[in-house]
Amino acid sequence: MPQTMFEIETRGAGLYELTRQSAQWVARQAGHCGLLTLFVQHTSCSLLIQENADPEVQGDLQAFFGRLVPPSSDPSMHYLRHTYEGPDDMPAHIKAAMMPVSLSVPVKDGQLMLGTWQGIYLFEHRTAPHLRKVVAHLS
């Protein structure tokens, strides 16, 4: 069963699309049919399948989760104790607990069976740049 690792360099909080690299890797697996599983190896980011046609969707998602879980420096978050890695760290863990860290996408004849407007994203919750690793497994 084929496996690979994608490395995604983030520039801070936001959504980073990995649809193309996932689709290209799946296509190289010689007309495979099955299931692509993606798993991010970090506790402060998530994976999402979301609209990839209008970039305002990604901005709105980021704004919503920023309001839902503000930085630990916000007075409403005064109860948080895990703050030594910065005001964005514990909120990033909370967001990652609310969203998936793994995804499954059906594959038919070497192609991802995503809908017309669907894309695969890594949702970075930290404000600093990071190198994120996503394991891809095709079964």
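Look a little higher up for the structure.
As a starting point, this report considers the structure included with it. (Residues numbered from 1 in each chain as written. Predicted model: local features only at pLDDT ≥ 70, side-chain atom pairs only at ≥ 80, totals over all residues. Heavy atoms only, no water.)

Notes on the pattern of salt bridges
Thinking step 1. By the definition in use, this model includes three salt bridges.
Thinking step 2. D89 is paired through a salt bridge with R126; the nearest N and O atoms lie 2.9 Å apart. Separated by 37 residues along the polypeptide, D89 in helix α3 (residues 89-98) and R126 in the loop between β7 (118-124) and β8 (131-138) bring together distant segments of the chain. Each member of the pair, D89 as well as R126, is classed as buried.
Thinking step 3. Salt-bridge contacts for E124 lead to R132; the nearest nitrogen and oxygen are separated by 2.7 Å.
Thinking step 4. With relative accessibility at 0%, the residue E124 sits in the buried group.
Thinking step 5. Residue class for R132 comes out buried when judged on its relative accessible area of 3%.
Thinking step 6. Through salt bridges that share partners, D88, D89 and R126 make up one connected network. (Salt bridge = Lys/Arg side-chain N within 4 Å of Asp/Glu carboxyl O. Helix = DSSP H or I, 4+ residues; strand = E, 2+ residues; numbered from the N terminus. Buried < 20%, exposed > 50% of the residue type's maximum accessible area, 1.4 Å probe, protein only.)

Re the sheet that holds strand β4 (residues 45-51)
Pairing between the strands of a sheet comes from backbone hydrogen bonds, and it takes one of two forms, parallel or antiparallel.
Thinking step 1. Read across the sheet, three strands follow the order β2-β7-β4 without closing on themselves; strand pairing throughout is antiparallel. The open sheet has two edge strands, β2 (14-17) and β4, and neither has a second partner. Across the sheet, the mean angle separating the axes of adjacent strands is 35° when strand polarity is ignored. (Pairing = 2+ DSSP bridges. Axes fitted to C-alpha atoms, helices over the stretch in contact; angles between N-to-C directions.)

Details of the sheet that holds β8
Thinking step 1. The five strands lie next to each other as β1-β8-β3-β5-β6, forming an open sheet whose pairing is antiparallel. Each of the sheet's edge strands pairs with one partner strand only, and the pair in question is β1 (3-9) and β6 (111-112).
Thinking step 2. Across five bridges, the pairing between strand β3 (residues 34-40) and β8 is antiparallel. Across the sheet, the residue bridging to T37 is H137, located in β8.
Thinking step 3. Contacts between helix α1 (residues 19-27) and the sheet are confined to β1, β3, β5 (102-108), β6 and β8, with β1 contributing the most and set at about 160° to the helix. (Contact = heavy atoms within 4.5 Å.)

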